[in-house]
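Fold and contact review
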Amino acid sequence: MTERSAVPPEETGGTSRNDSRQATGRPISRKSLLKAAVAASAVPLVVGGGAALARDAGRAGTTPLALTPSCDDGDDPTPEQMEGPYFKPNSPLRSSLVTSSTPGVPLTVSGYVFGRACKPVSGVLLDFWQADTNGAYDMAGFAFRGHQFTGADGSFSLTTIVPGLYPGRTRHIHVKAQAPGRPVLTTQLYFPGEPRNATDAIFDPALLMNVRSAGSGREGTFDFVLDVAQQPDPTDPPTVPPTDPPGGSWAAGTTYRAGDRVTYGGGSYRCLQGHKAIVGWEPPLVPALWERG
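Quick look at the structure, then. The model shown is predicted, which means the values in this text are computed figures rather than measured ones.

1. Some words on the overall build of the chain
- Scanning the chain from N- to C-terminus turns up two helices and 14 strands.
- Contacts in the chain between residues far apart in sequence, at least 24 positions, make up 68% of those at least 6 positions apart.
- Surface summary for the chain: the accessible area is close to 13,300 Å², and the carbon and sulfur share equals 56%.

2. Some details on the sheet that holds strand β11 (residues 261-264)
- The sheet built from three strands is open, its strands ordered β11-β12-β14 with antiparallel pairing. Whereas interior strands pair on both sides, the edge strands pair on one side only; in this sheet they are β11 and β14 (290-292). For this sheet, the mean inter-axis angle between neighbouring strands, taken without regard to orientation, is 40 degrees.
- The pairing of strand β12 (residues 267-271) with β14 spans three bridges and is classified as antiparallel. Paired with Arg270 across the two strands is Glu291, which belongs to β14.

3. Digging into the pairing of strand β1 (residues 106-114)
- Judged by how many residues are buried, β1 sits mostly within the fold: seven of nine residues are covered.
- By the bridge criterion, seven bridges tie β1 to strand β4 (residues 155-161) in an arrangement that is antiparallel. By the bridge assignment, Thr108 is partnered in β4 with Thr159.
- By the bridge criterion, four bridges tie β1 to strand β8 (residues 217-221) in an arrangement that is parallel. Following the sheet pairing, Thr108 is matched in β8 by Glu219.
- Sheet topology places β1 next to strand β9 (residues 224-225); two bridges connect them, and they run parallel. For Phe114, the partnering residue across the bridge sits in β9 and is Val225.

4. Section: the pattern of salt bridges
- Per the stated rule, a full pass over the model turns up six salt bridges.
- In this structure, Glu83 and Lys176 form a salt bridge, with 2.8 Å as the shortest nitrogen-oxygen distance. In this pair, Glu83 sits in the loop between α2 (30-39) and β1 while Lys176 sits in strand β5 (residues 172-178), placing the two residues 93 residues apart along the sequence.
- For Glu83, a relative accessible area of 32% gives the class partly exposed.
- Here Arg212 and Glu219 are joined by a salt bridge, their closest N and O atoms 2.9 Å apart.
- Looking at Glu219, the relative accessible area reads 29%, which means it is partly exposed.

5. A word on the side chain of Glu194
- Tracing the backbone shows Glu194 in the loop between β6 (184-190) and β7 (210-214).
- A residue is classified by how much of its surface remains accessible, and Glu194, at 9% relative accessible area, is buried.
- Separated by 3.0 Å, the side chains of Glu194 and Arg171 make a polar contact.

6. Focus on the nonpolar core
- Counting residues in hydrophobic clusters, the biggest one holds 32 residues, and the most contacted among them are Val109, Val113, Val124, Leu126, Phe224 and Leu226.
- Of all elements in the fold, only β1, β2 (125-129), β4, β5 and β6 reach the threshold of two or more residues within this core.
- When neighbours within four sequence positions are excluded, Phe224 is seen to be in contact with Thr78, Tyr112, Val113, Phe114, Leu126, Phe156, Val175, Thr187 and Leu189.
- In this structure, Trp250, Trp281, Leu289 and Trp290 belong to the second largest nonpolar core, which totals 12 residues.

What counts and how
- Residues numbered from 1 in each chain as written.
- Predicted model: local features only at pLDDT ≥ 70, side-chain atom pairs only at ≥ 80, totals over all residues.
- Heavy atoms only, no water.
- Helix = DSSP H or I, 4+ residues; strand = E, 2+ residues; numbered from the N terminus.
- Contact = heavy atoms within 4.5 Å.
- Areas by Shrake-Rupley, 256 points an atom, 1.4 Å probe, with all protein chains shown as cover.
- Pairing = 2+ DSSP bridges.
- Axes fitted to C-alpha atoms, helices over the stretch in contact; angles between N-to-C directions.
- Buried < 20%, exposed > 50% of the residue type's maximum accessible area, 1.4 Å probe, protein only.
- Salt bridge = Lys/Arg side-chain N within 4 Å of Asp/Glu carboxyl O.
- Polar contact = N/O pair within 3.5 Å; in protein donor to acceptor, adjacent residues only side chain to side chain.
- Core = buried A, V, L, I, M, F, W, Y, C linked by side-chain atoms within 4.5 Å.

The quantities given are spatial measurements derived from coordinates; they are silent on function.
What follows is the structure in structure tokens.
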């Protein structure tokens, strides 16, 4: 039986161990300043146009989205946040939390998990839980709860719905991330343009997803950066770009590495970050992944 519980102080901005550490222990970095600079700007819930990643600086002539932690300069692992009162262990192994009859606005959340040297981390446990479309958590069963593991390329994909609102909080999705043999990162993912973002004491613009329309639903993207030590590649990015495009013409389903060159629409592009290409991530649309030239 699904129940809606009263929200305790720790879920509405009360003092907690994680909140204190987040407020006082996270160093100020270049990305943190950029996030703070745009956090107060009005950002639409749905970002139109191409499939941009949350770390993109936005399109020309528009206010940029708040940057999420990303592997562009090796700093700022994804910030941790409180677990809250609604976590339950032993969630089912599944990447979809819905059926064809589940009420709510369909949502997919996808992205990658990286370590400190911007290399993907495979086998990372990602445990998601959230409220239903009415803002209620299932405390009797495992509705809207499930865990999965990142693939060999560090990727993940979650099929769910846009969570509902409940008193004291903005719209959010909870997640625990654990690389093999490493500590658990507990955090939350947020939606841009939500009015309650400005009044939620827990909200952190560093944890904003990038969200766009997808038919009758939504698509969100977010890349996690875990505090996992990695050795950077000595030629990542390559000091001398190759003269010939080893990737040939860009094609969905192809796995590209940083430094690979492709052609698309008559132009030449260099890959900035390793990823597996999907439709909607064509080079001109995703400046975080491809650089023209």
